[in-house]
Amino acid sequence: MDKIYALRNPKTNVQVMQQNVLLKHKYLVTFMRKNAPEVLTEVRVAYVETMSRVLRQAMAGYVASSGALRRDVAGRSDLLGANASAIAPGRDNVSGSSVFELGTRGDVLRELETTPPIIVHHVEASGAKYPREALFRSSHKLLMDTATFEYLFCAEFWGGSGGGAGAANDVFADIFAGPIVVMEDHLRESTAGLGVGPGAPGAGFGGDVDVVGVALMLRVNTEHQHIMTRRRVPCLDKYLDGVNMTLWPKFKNAHDAHVRSVIDAAAAAARSNAFSADDASVAAHHVARRYADLTRAMTSISSGAGEVVETQIESAMERLRTAVIDFLTRASARFRRRSRGVAFLVNNFERVRAAIAETSPIASVTGGAVADPMESAAYGYFTAELARLSGEYVEETLRERFGGMISFVERAEAAAGAAAGAGESAAGDAELTPAAAAPLMRDFAERWKRAIEEISAEVSASFPGTETTGGGGGGGGGGELLKSTLSRLLVWYNRLSGPEGVLARMGPEGAALCADAVANPAFIYEIKRQSRGGGA
């Protein structure tokens with residue numbers, strides 16, 4: 001009994017005492033179990049009371065002192081859709097990009113089993129602060145290591161030589177009931193404000209929407225479950241399952257706050273004049289940049305975390321993606337020129353796709369395979385949309401400058417197709433004659449070089465080096481998109497005046513107009529010149 005009571009002394013290294021002193025007397029436990037069970041009960045009660053008090057005080061002291069090291073990353077107003085229409089597109093005035101980025105916060109998932117808990121008194125003097133997930137990992141690492149040691153000690157000391165696993169488990173459960181209560185209370189208190197954004201049910205002082213932090217805590221807890229399984233120590237299974245049950249609603253609340261903010265922003269964007277101004281930027285909007293950073297963070301966190309975490313986070317991000325796309329679509333509709341609105345969408349979608357492509361998944365402690373972010377549904381969606389929008393931008397840009405010519409070609413081809421189907425001649429429409437095409441040909445001949453220069457300047461200014469648009473060969477951003485636009489212009493012109501064009505099928509008058517058409521070699525030379533940056 002004296003050996004057990006000695007564990008209560010301050011500054012006693014409990015684990016050393018257990019290993020080097022108490023285990024030497026484990027055979028007395030076997031003896032008392034057979035010959036003096038009432039004395040064994042007394043010894044057991046003394047040990048349970050002593051260790052429960054020691055471990056409860058140790059855990060309570062640690063979580064209380066480590067709480068002073070906490071650094072809040074996101075406040076209640078740091079929402080993804082905040083200030084969406086109040087400032088010009090392309091700028092941001094949220095408290096910091098770290099709110100939505102993973103950055104160095106992902107380090108909390110690396111070397112989880114070997115990184116020791118934070119030693120509070122060592123870091124207090126330096127003034128270092130930690131985000132909530134780092135303190136969560138640290139306190140739970142201490143809990144797991146303490147529980148593992150105590151569980152294995154109980155198995156050897158109380159369960160050996162006929163005691164059985166049941167006796168050892170009962171002793172452990174009685175000891176750890178106190179520390180578990182401490183951790184449950186701390187988790188509940190430290191996450192009380194999570195997911196409480198402005199206007200949300202239960203909004204109060206101290207609430208925040210740090211969805212990245214909650215996702216990291218969920219991933220850390222999942223990894224801790226794997227670690228305890230690998231150790232073959234099931235004593236914390238129920239508690240760790242309870243942690244998940246506590247954190248998932250917090251994640252949903254925080255994520256829903258961001259979704260609501262974007263939905264509100266979309267409604268405001270439909271009425272905003274910020275996007276309809278003549279100088280409205282087509283650069284990636286800060287809402288899209290925040291969403292891109294958050295998507296990259298969530299992809300890194302969820303990849304390799306297991307089906308439950310991956311499915312839950314993917315489902316949540318899909319809802320957010322729908323809201324963000326709705327916001328961007330409504331904002332793009334406010335631009336006075338459709339081509340500018342489409343350019344706005346291209347830049348925003350490219351920003352998101354590039355972020356997903358740059359994602360570095362964090363491997364699990366289980367060593368399982370991680371999914372390739374570029375094979376994700378989100379990456380596939382934005383890739384497909386960018387292809388569609390790039391084509392739309394080309395057409396809208398050309399129609400703004402040569403709409404009459406393009407309309408003439410479309411109507412003439414449609415009329416020819418209808419006539420061929422009916423077995424009749426396409427002649428007879430006064431608006432589809434060489435005489436009607438002559439002004440269009442003269443206009444094109446006068447303006448095509450100047451128009452190409454204008455298109456080149458606009459594309460370079462609108463797409464500063466994005467991947468989709470090629471990053472520009474010599475002439476700034478948008479090199480590939482510029483080539484596509486100018487090549488498409490040549491296609492339209494050939495459909496009008498080429499050997500197989502609509503004019504060539506309009507008899508001698510049409511053929512005469514084709515004779516004065518801009519030659520393809522001159523056109524191709526100008527395309528190459530502009531693609532090289534306008535040099536000779």
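Up top you'll find the structure we're talking about.
Residues numbered from 1 in each chain as written. Predicted model: local features only at pLDDT ≥ 70, side-chain atom pairs only at ≥ 80, totals over all residues. Heavy atoms only, no water.

Undergrad: Lay out the overall build of the protein chain with the relevant residues and their values.
TA: Check the secondary structure of the protein chain and you find 17 helices and zero strands. Taken over 536 residues, the protein chain has a buried fraction of 49%. For the protein chain, the share of sequence-separated contacts (at least 6 apart) that also reach a separation of at least 24 residues comes to 79%. (Helix = DSSP H or I, 4+ residues; strand = E, 2+ residues; numbered from the N terminus. Buried < 20%, exposed > 50% of the residue type's maximum accessible area, 1.4 Å probe, protein only. Contact = heavy atoms within 4.5 Å.)

Undergrad: Got a sec to walk through the pattern of salt bridges? Specific residues and values, please.
TA: Tallied over the entire structure, the rule returns 36 salt bridges. In this structure, the salt-bridge partner of Arg 219 is Glu 223, at a minimum N-O distance of 2.7 Å. Here Arg 219 and its partner Glu 223 are both found in helix H8 (residues 211-231), four residues apart, which amounts to about one turn of the helix. One exposure class covers both Arg 219 and Glu 223, and it is buried. Glu 358 is the partner of Arg 296 in a salt bridge, and the nearest nitrogen-oxygen pair spans 2.6 Å. Of this pair, Arg 296 sits in helix H10 (residues 286-302) while Glu 358 sits in the loop between helix H12 (338-357) and helix H13 (377-422); the two residues are 62 residues apart in sequence, bridging distant segments of the chain. By sharing partners, the salt bridges in this structure join Glu 113, Lys 141, Asp 145, Arg 230 and Arg 231 into a single network. (Salt bridge = Lys/Arg side-chain N within 4 Å of Asp/Glu carboxyl O.)

Undergrad: Can you lay out unusual backbone geometry for me, pointing to particular residues and giving the numbers?
TA: Phi is positive for Glu 111, close to 55°, though the residue is something other than glycine. Along the polypeptide, Glu 111 turns up in the loop between helix H4 (37-67) and helix H5 (120-124). By relative accessible area, which is 60% here, Glu 111 ends up exposed. Look at Arg 232: it is not a glycine, yet its phi comes out positive at around 60°. Mapped onto the elements, Arg 232 comes out in the loop between H8 and helix H9 (237-269).

Undergrad: Describe in detail the packing of helix H6 (residues 132-157) against H8, supporting the description with residues and values.
TA: The N-to-C vectors of H6 and H8 enclose an angle of 15°; their axes lie 9 Å apart at closest approach. Taken as axis vectors, H6 and H8 run roughly parallel relative to one another. The chirality of how H6 crosses H8 is right-handed. Between H6 and H8, the residues in contact are Arg 132, Glu 133, Phe 136, Arg 137, His 140, Lys 141, Met 144, Asp 145 and Thr 148 and Gly 213, Leu 216, Met 217, Val 220, Asn 221, His 224, Met 228 and Arg 231, respectively. Across the contact of H6 with H8, the residue classes tally to six nonpolar, five polar and six charged. (Axes fitted to C-alpha atoms, helices over the stretch in contact; angles between N-to-C directions. Parallel < 35°, antiparallel > 145°, perpendicular 65-115°, else oblique. Left-handed = near helix turned anticlockwise from the far one by under 90°. Nonpolar A, V, L, I, M, F, W, Y, C, P; charged D, E, K, R; others polar.)

Undergrad: Before we move on, could you go through the packing of aromatic side chains and cite the residues and values that matter?
TA: Going through the model one piece at a time under the given rule, you end up with 17 aromatic pairs. Between Tyr 493 and Phe 523 the ring centres are 6.5 Å apart and the planes differ by 25°, which places this aromatic pair in the stacked class. Within this pair, whereas Tyr 493 is found in helix H15 (residues 479-497), its partner Phe 523 is found in helix H17 (residues 520-531), the two being separated by 30 residues in sequence. A single burial state applies to Tyr 493 and to Phe 523, both of which are buried. Joined through ring pairs, the aromatic side chains of Phe 402, Phe 444, Trp 448, Tyr 493 and Phe 523 make up one cluster. (Phe/Tyr/Trp six-rings, centres within 6.5 Å; stacked < 30°, edge-to-face > 60°.)

Undergrad: Run through the environment of Ala 284, naming residues and quoting values.
TA: Within the secondary structure layout, Ala 284 lies in the loop between H9 and H10. Note on Ala 284: relative accessible area 14%, which makes it buried. Separated by 60 residues in the primary sequence, Ala 284 and Phe 344 have C-alpha atoms spaced 6.8 Å apart.

Undergrad: So, the nonpolar core: which residues are in play, and what are the values?
TA: Counting residues in hydrophobic clusters, the biggest one holds 146 residues, and the most contacted among them are Tyr 47, Phe 251 and Phe 327. Take this core: its biggest share by element is 14 residues, from H13. Non-local contacts of Tyr 47, meaning those with residues more than four positions away in its chain, are made with Ile 4, Leu 7, Gln 18, Leu 22, Glu 150, Phe 153, Trp 158, Val 171 and Ile 175. Within the second largest apolar cluster, six residues are counted, among which are Tyr 62, Leu 69, Ile 118 and Val 123. (Core = buried A, V, L, I, M, F, W, Y, C linked by side-chain atoms within 4.5 Å.)

Undergrad: Explain the side chain of Glu 350 to me, using residue names and the numbers behind them.
TA: Turning to its location among the elements, Glu 350 is positioned in helix H12. Residue Glu 350 is classed as buried on the basis of its relative accessible area of 3%. At a separation of 3.1 Å, a polar atom in the side chain of Glu 350 contacts the side chain of Arg 353. (Polar contact = N/O pair within 3.5 Å; in protein donor to acceptor, adjacent residues only side chain to side chain.)

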